Amino acid sequence: MKRFRRHGHETQRDRLKQELYQFNKTVEHGFPHQPSALGYSPSLQLLAIGTRSGAIKLYGAPGVEFMGLHDENAAVTQVHFMPHQVELVTLLDDNSLHMWTLRGHKGLSELLEIGRFTLTGPPGAPPSVTRVTSVLAHSSGELLLLGTEGGHVFIVEVPGFRELEERNISLDQVANSVPEDYIGRRNLEHVESLQENPVNPNQVVLGYGRGLMVIWDLEKQCAMQHIPATQQLESVWWTEDGEYIISSHSDGSYCRWMVGGEDMNDDEEKSDIPYGHFPCKAISKIVQLPTEGGPPFLLFSGGMPRASYGDRHCITVIHGKTHVALDFTSRIIDFFAIRDGPQFSEDPSALVVLVEEELVVIDLQTEGWPVIQTPYLIPLHSSAITCSHHISAIPLKLWERIIAAGAMQYTHYSKKPWPITGGQNLAPDPPQRDLLLTGHEDGIVNFWDASGVCLYPMYKLSTAGVFHTDSDLNDNMNQGTEGEWPPFRKVGCFDPYSDDPRLGIQKIHLCKYSGYLTVAGTAGQILVLELNDEAAEQTVEAKVVDLLQGQEGFRWKGHTRLDVREEPVLFPAGFQPFALVQCQPPAVVTALTLHSEWKLVAFGTSHGFGLYDYQQRNNVLIKCTLNPTDQVALEGPLSRVKSIKKSLRQSFRRIRRSRVSLRKHHVNNAAKLHEANARLEAELAEMELAPVQRKIEARSSDDSFTGLVRTLYFADTFLTDSSHNTPSLWAGTNGGCVFAYMLRLPPAEHRAEEPVTAHQAKEIQLMHRAPVVGIVVLDGHGAPLPEPLEVAHDLARSPDMHGSHHLLVISEEQFKVFTLPKVSAKMKLKLTAIDGSRVRRVGVAWFGSSRTEDYGESGLVVLTNQGDLHIVSLPHIKMQVHYPCIRREDVSGIASCVFTKYGQGFYLISPSEFERFSLSTRYLVEPRCLVDAPRQSFNQHRPPSFGASSPQRSTSESEDAEVLQEIQKSLEGEQTSFLENNVKNAVA
């Protein structure tokens, strides 16, 4: 009977786990790492980006996002949407072609790969014969033209990837039609570009690397015209009226050629080098778009004077007398222009540019061509991310004030709406308002709306204005001069260079109820800020805190502190600093917490911790935790400010010291080793270890950074006796030590005059000296204590002060519960002894049931150094579920992880992207979107010679079955034989 009851209890608990916990990686925020290809569908109004890692990402209206990943670990080199279809084709650098479709499933669209194809040559044929260099998705929506390195053009029917052997264009056919007097006819080189005639789909222009362009008639299968350019060809554009072809070349020139009539001679080309007369770089892409009743827009990338501006990444926009060279801070991948109106006949409305580190959209219809703010694909790494902080359920008033402050910063952006509007966002409205704050290397704190699928910028806080830096000088140097040629204009926000690495933000804490914010930096600076709706001029005085407490014999060898401005500084509306604490030595701040109800800020470094009263602007407590053997903590991390000579000298000294110590102890090594082995055997004989546990050696107190403060925690609990609760501060160090201080706060009416005092009440030393990464106090009901002011705002119930409280100490190796106020061990859960992993990140979260609205449980969310997520129940500290999340080799991803209060989390999968995940069944943020096939039929664009037009495909499931059947039939045995026969003919 007992066995049956226990089994029934376990079954019930398992069912409850299914209601509470579920792991999903939901969406990727930010900018794709290492983008390599760009595509756009005017009919679907969808943008596609391919990356070097083989990912393909689609974006439409805000909230409309899709992602696919190629099985091959190869870079995406080209992306092409099939015109007026819901399919797209990708080309990888392993020469494989892949067909993707947006298929409907349960009322939503999903991106699926439905076919793959590779050109394969006959035995002995060189790879260049079938190496694809150019792809043209024909307007019929049924054909792909593939230009190769060997100069051949293969025609493939899609979606089945069936090669039309009789339609292929071999290099011999083209070469035989070229006039005898063309100097490059013997070696046309690869097919550089394929373009379709906008007014006659039967005609395409074949552009060869050597410069020759051939207008080919697909129906008659013959050359209609030869355009004998002599410069190396980079790109080709066919004007919308079909009358001209524009070619761009490797010498920085572009040429305009008339279509029709007889072949042209070299001297008939109308060549222009926009930035001549000195040698220029290649114009890699050129586009010309007409306007109604005005001059056309001419857009091209590259073409800069090689000697003077060869390192610039520019796109030139010319419209009438307006000429601007848009200057980007990273390499240009590709660009396209968006046109609105029926059949996209109106003037160009926007220029979309994909560069290596960001996406920039230019409004071409507003004077001055301002930038349009992007609702997604934001470069999170405009300056390197150094820390993150998440706040759930922001009150509406604070939310609106932050938005208002941010609106004043974004006045330079265009007022036009986002031009990429494809698909429908069917995701429900977010249940709450969430903020993600990211700290950056240049002293910036960015506020992001993290409520939904899009991570949207709300407000930017700069802390650099408090200090003297070189930023003002650099800004003046970067200003363009009047009449400059080329007419450069800086665009984009990616700026990887920091004026001073000491400005880097290391810790952030925001109180959502009071609006107080504290941020801490690399050089020991802690700023306290409050939200102000108006600009204000004020002086920020620094309060210096000596964490060494006058200990002799120590000399800080790291970077110096930042110089604080003594004169008043004008701070814009938003968060404005009013207090500054400067730690000495100016080491990196490693722990930070704020209690806005008590008006206190606690901070810690590798030397100790302190408590600051920001109402009275006084230090309350200073505690040095430094171990005399912590030489690394004294020297400080290697800073960019240090000279290379100095760091090399220190390295040689360390090597010399290690050699001396090796010689000194060489004689005693054998004896010591034998003694240690004997002692270990004796201890193992005495101890009976559980078979699933491993023995963990206690860490030496001589380890570096044992005094480094890892965590700080405020709690109103029982510290001295079980009948009187008191405010307290808890600190945990890298050496496994926990300090507890009792705080005496004066009554509210005397808070501004009487000082806050602190007295050490407890000190706990963990046996294994494992670093303390988290501290939580549990009330009489076993629930974590609420946040400051949370109860006052009626957003949490008051903690139970009648039952006994418990202290939960989370070290890297185990979770241990102590009774309060006696601080006697009650229970523990080992982690390292079980599977060898160590705790890297920990947070308290609330998990709501997916079935019962009013039921939920608090739990600890734990991330280990193996990249695994664990949920531990409270207050009984039992392991509930375990999910693999991050690769163990991804150390930076594990270090960047931040948890939310409702069972979600974020971590960096690259310098520019956050992966969002959820452990909760109730709180889930993921894209839910639908893309319909274009309603309008474009059958009139299809050449009759290629067969009757098939009905328009859509994302419905019934039509998907027909498409898949068609693919299967076409792939059965036909592909290989057709291809081999054709390649043999081409080589012959």
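Residues numbered from 1 in each chain as written. Predicted model: local features only at pLDDT ≥ 70, side-chain atom pairs only at ≥ 80, totals over all residues. Heavy atoms only, no water.

As annotated in an unreviewed UniProt entry, the protein chain is LLGL scribble cell polarity complex component 2 from Gouania willdenowi. The UniProt entry for the protein chain carries the following comment under Sequence similarities (unreviewed entry): "Belongs to the WD repeat L(2)GL family." (UniProt positions renumbered as here; feature names shortened; annotations may be inferred.)

### Overview of the overall build of the protein chain
Counting its secondary structure elements, the protein chain contains 12 helices and 62 strands. Counting every position in the protein chain, which comprises 988 residues, the buried fraction comes to 53%. Summing over all exposed atoms, the protein chain offers an accessible surface of approximately 44700 Å²; the carbon and sulfur share of this is 49%. (Helix = DSSP H or I, 4+ residues; strand = E, 2+ residues; numbered from the N terminus. Buried < 20%, exposed > 50% of the residue type's maximum accessible area, 1.4 Å probe, protein only. Areas by Shrake-Rupley, 256 points an atom, 1.4 Å probe, with all protein chains shown as cover.)

### Looking at the side chain of N446
Take N446: it is sitting in strand β33 (residues 444-449). Among all residues touching N446, those that are not within four sequence positions of it are L436, L437, T438, H440, Y459 and K460. (Contact = heavy atoms within 4.5 Å.)

### Some words on the sheet that holds strand β24 (residues 313-319)
Spatially, the 5 strands line up as an open sheet ordered β22-β23-β24-β25-β35, and their pairing is mixed. Two strands bound the open sheet, and with one partner strand each, they are β22 (283-291) and β35 (488-490). Across the sheet, the mean angle separating the axes of adjacent strands is 20° when strand polarity is ignored. (Pairing = 2+ DSSP bridges. Axes fitted to C-alpha atoms, helices over the stretch in contact; angles between N-to-C directions.)

### Thoughts on the environment of V76
Examined against the element boundaries, V76 turns out to sit in strand β6 (residues 76-81). When neighbours within four sequence positions are excluded, V76 is seen to be in contact with S36, A37, G50, T51, G54, A55, H70, T90, L91 and L92.

### Some words on unusual backbone geometry
Put simply, V158 and P159 share a cis peptide bond, and its omega is 10°. Relative to the assigned elements, P159 resides in the loop between β12 (153-157) and β13 (162-163). Although it is not a glycine, F161 adopts a positive phi angle of roughly 55°. Counting through the fold element by element, F161 comes out in the loop between β12 and β13. Its identity is not glycine, yet V823 carries a phi of approximately 55°, on the positive side.

### Re the pattern of salt bridges
If you walk through the whole model with that rule in mind, you get 24 salt bridges. A salt bridge links D327 to R312, with the nearest nitrogen and oxygen atoms 2.7 Å apart. With D327 in strand β25 (residues 322-328) and R312 in the loop between α3 (306-309) and β24, this residue pair connects regions lying 15 residues apart in the sequence. Of the charged contacts in the structure, one is a salt bridge between E567 and R565, with a shortest N-O distance of 3.5 Å. Residue E567 is classed as partly exposed on the basis of its relative accessible area, which comes to 34%. The class of R565 is buried, set by a relative accessible area of 16%. Through salt bridges with shared partners, a single network forms among D71, E72, E113 and R116. (Salt bridge = Lys/Arg side-chain N within 4 Å of Asp/Glu carboxyl O.)

### Some points on the packing of aromatic side chains
Applying the stated criterion across every chain, the model contains 26 aromatic pairs. Measuring from centroid to centroid gives 5.8 Å for W598 and F714, while their planes differ by 90°, and the two rings are edge-to-face. With W598 in the loop between β43 (591-595) and β44 (600-604) and F714 in strand β47 (residues 709-717), this residue pair connects regions lying 116 residues apart in the sequence. You'll find W598 and F714 in the same group, each marked buried. For the pair Y907 and F917, a centre-to-centre distance of 6.1 Å together with 45° between the ring planes defines the contact as tilted. With Y907 in strand β60 (residues 904-910) and F917 in strand β61 (residues 913-920), the pair connects residues that are 10 residues apart, well separated along the chain. Take Y907 and F917: they sit in the same class, and that class is buried. A connected cluster of aromatic rings, assembled from ring pairs, spans F23, Y883, F899, Y907 and F917. Sitting over the ring of F335, K285 keeps its end group 4.9 Å from the ring centre. (Phe/Tyr/Trp six-rings, centres within 6.5 Å; stacked < 30°, edge-to-face > 60°. Lys NZ or Arg CZ within 6 Å of the ring centre and 35° of its normal.)

### What about the sheet that holds strand β18 (residues 233-238)?
With antiparallel pairing, the 4 strands of this open sheet are ordered in space as β18-β19-β20-β21. Lying at the two open borders of the sheet, with one neighbouring strand each, are β18 and β21 (270-272). Across the sheet, the mean angle separating the axes of adjacent strands is 20° when strand polarity is ignored. Where β18 meets strand β19 (residues 244-249), 5 bridges bridge the pair, whose relative direction is antiparallel. What sits directly across from L233, in β19, is H249.

### Some thoughts on the nonpolar core
In terms of nonpolar packing, the biggest core is built from 34 residues, with I402, L435, L437, F447, L517 and F575 touching the most fellow members. Sort the elements by how many residues they give to this core and helix α4 (residues 396-409) lands first, with 4 residues. If we ignore the near neighbours within four places in the chain, the residues touching I402 are L435, F447, M458, Y459, L531 and F575. With 32 residues, the next largest nonpolar core counts L778, L807, L808 and L874 among its residues. (Core = buried A, V, L, I, M, F, W, Y, C linked by side-chain atoms within 4.5 Å.)

### With respect to the side chain of H98
By the secondary structure assignment, H98 is in strand β8 (residues 96-105). One polar contact links H98 to S96, side chain to side chain, over a distance of 2.8 Å. Setting aside residues up to four positions removed in sequence, H98 forms contacts with H70, E72, L88, V89, T90, L92, E113, G115, R116 and F161. (Polar contact = N/O pair within 3.5 Å; in protein donor to acceptor, adjacent residues only side chain to side chain.)

### Some words on the environment of K490
Within the element layout of this structure, K490 appears in strand β35. According to the relative accessible area criterion, K490 is exposed, its value standing at 54%. Separated by 165 residues in sequence, K490 and A325 place their C-alpha atoms 8.6 Å apart. Filtering out sequence-adjacent residues up to four positions away, K490 remains in contact with D327 and T329.

### Looking at the environment of G260
Among the structural elements, G260 can be located in the loop between β20 (254-258) and β21. Looking at G260, the relative accessible area reads 39%, which means it is partly exposed. Here the alpha-carbon distance between G260 and Y244, two residues 16 residues apart in the chain, equals 9.0 Å.

### Examining α4
With 14 residues, α4 should reach 20 Å at 1.5 Å per residue; the first-to-last C-alpha distance of 20 Å fits that figure. All of the buried residues along α4 are L398, W399, I402, A405 and G406. In an axial view of α4, the angular spread of the buried residues amounts to 130°, which keeps them on one side of the axis. Exposed and facing more than 90 degrees away from the buried side of α4 are K397 and M408. (Expected span 1.5 Å × (residues − 1). Arc of directions from axis to C-beta.)

### Focus: the confidence of the model for the protein chain
Of all residues in the protein chain, 82% have pLDDT values of 70 or greater, and the mean over the chain is 86. Segment residues 1-6 is flagged for pLDDT under 50; beyond a separation of four residues in sequence, or across chains, it makes 0 contacts in the model. Every residue in residues 638-643 scores below 50 in pLDDT, and together they form 10 contacts with partners more than four places removed in sequence or on other chains. (pLDDT = per-residue confidence, 0-100.)

### Description of the pairing of strand β26 (residues 332-339)
With 6 of 8 residues buried, β26 lies mostly within the body of the structure. Here β26 runs beside strand β27 (residues 348-355); their pairing, made up of 7 bridges, is antiparallel. For D334, the partnering residue across the bridge sits in β27 and is L354.

### Observations regarding the pairing of strand β45 (residues 608-613)
A large share of β45 lies buried, amounting to 6 of its 6 residues. With burial as the criterion, each face of β45 is covered, one bearing G608, G610 and Y612 and the other bearing F609, L611 and D613. Between the end of β44 and the start of β45, which pair antiparallel, lie 3 residues. Bridge analysis of β45 against strand β46 (residues 618-624) gives 6 bridges, and the strand direction is antiparallel. When the bridges of β46 are listed, G610 appears paired with I622. Counting the residues that bridge the hairpin from β45 to β46 gives 4 residues, and of these R617 lies at a positive phi of roughly 60°.

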